[in-house]
Amino acid sequence: VRIKYTKSGHLKFIGHLDVMRFFQKAVKRAGLDIAYSQGFSPHQLMSFAAPLALGVTSEGEYFDAEFNSLVSSDEFVRRFNEQMVDGMAVNDVVLLPDNAKNSMSIVAGSDYHVTILEKDNDADWEVRKEKFLAAVPHLLEKDTIEVLRKTKKNEKVEDIKPGIFKLSVNEDKIYMFLATGSEYNLKPESVIEALCKETGIEYNKFDYQVHRIETYMKNEQGELVS
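Residues numbered from 1 in each chain as written. Predicted model: local features only at pLDDT ≥ 70, side-chain atom pairs only at ≥ 80, totals over all residues. Heavy atoms only, no water.

K.L.:
Please provide a residue-by-residue account of the nonpolar core, values included.
P.N.:
Formed by 28 residues in total, the largest nonpolar core has its most connected members in Phe-132, Ile-174 and Met-176. Where this core is concerned, the elements lending two or more residues are strand S5 (107–116), helix H4 (125–140), strand S8 (164–170), strand S9 (173–179), helix H5 (188–199) and strand S10 (208–218). Here this core gets 6 residues from one element, more than from any other, and that element is H4. Not counting residues within four places of it along the chain, the set of residues in contact with Met-176 comprises Ser-110, Asp-111, Tyr-112, Val-114, Lys-166, Leu-167, Pro-188, Val-191 and Ile-192. Counting residues in hydrophobic clusters, the runner-up holds 23 residues, among them Val-1, Val-19, Phe-48 and Val-93. (Core = buried A, V, L, I, M, F, W, Y, C linked by side-chain atoms within 4.5 Å. Buried < 20%, exposed > 50% of the residue type's maximum accessible area, 1.4 Å probe, protein only. Helix = DSSP H or I, 4+ residues; strand = E, 2+ residues; numbered from the N terminus. Contact = heavy atoms within 4.5 Å.)

K.L.:
Which residues make up the packing of H4 against H5, and what values go with them?
P.N.:
Look at H4 against H5: their axes get within 9 Å of each other, and the N-to-C directions meet at 100 degrees. On the basis of the axis angle, H4 is roughly perpendicular to H5. Where H4 abuts H5, its residues Lys-131, Phe-132, Ala-135, Val-136, His-138 and Leu-139 lie against Ile-192, Ala-194, Leu-195, Cys-196, Glu-198 and Thr-199. (Axes fitted to C-alpha atoms, helices over the stretch in contact; angles between N-to-C directions. Parallel < 35°, antiparallel > 145°, perpendicular 65-115°, else oblique.)

K.L.:
Give a description of the environment of Val-27 that names residues and reports values.
P.N.:
Within the element layout of this structure, Val-27 appears in helix H1 (residues 16–29). Sequence separation between Val-27 and Arg-79 is 52 residues; the distance between their C-alpha atoms is 8.5 Å. Aside from chain neighbours lying at most four places away, what touches Val-27 is Leu-32, Ile-34, Gln-44, Met-46, Phe-67 and Phe-80.

K.L.:
Could you give an account of helix H2 (residues 73–82), with specific residues and numbers?
P.N.:
Residues that lie three or four places apart on an α-helix share one face, since the helix turns once every 3.6 residues. Along H2, the residues classified as buried are Phe-76, Val-77 and Phe-80. Along the axis of H2, the buried residues cluster in a sector spanning 95 degrees; they form a single face. Exposed residues pointing more than 90 degrees away from the buried face of H2 are listed as Asp-74 and Glu-82. Looking at the buried residues of H2, the elements they touch are strand S1 (2–7), H1, strand S3 (57–65) and strand S4 (88–94). (Arc of directions from axis to C-beta.)

Printed below as a string of structure tokens:
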């Protein structure tokens, strides 16, 4: 089955490995008949779609799990949510066909809202916010959007524009629709860095709150769908 859940509030400070452990315990406490791998060290057959970065909230997270026996979707949701803590909730459960690919392998995009946080005694916040939001259309006009991307082995300047499907201002927030997954993975932080560079504002990741709205896959027609 494929399970959709939300992660919000203070749980944004909980890393992906701890989220995995949380659901491993929750599924046992819920009395659901989870399937296990065979061998000397059996583990629950569970696969998460797109790990969420630390500090990011989301209402569109997914994982797949195999069960030996099933209850109704409503019963799945009820049993899961009886075991949830504040900031974590299961929204939906669907049965997958036998030939379905796992969620991790089919992720192709994610969309986000980015909020510019107001800090105490920050007299320049309103001016900085307006300047930042005004830079969005100017950034899209560029032929290339170059940022310094760091990996475990090295760092290099990369054009991230091909990974930006959509970028716009939505009231006082920035809406981003970005490539996600194994083919190409663009983090919203890279786009924020590019906007900071465009405006001359020093980048500080604690000045922004990133919220994932939905995670998408490509259907047979090549369209991005939830």
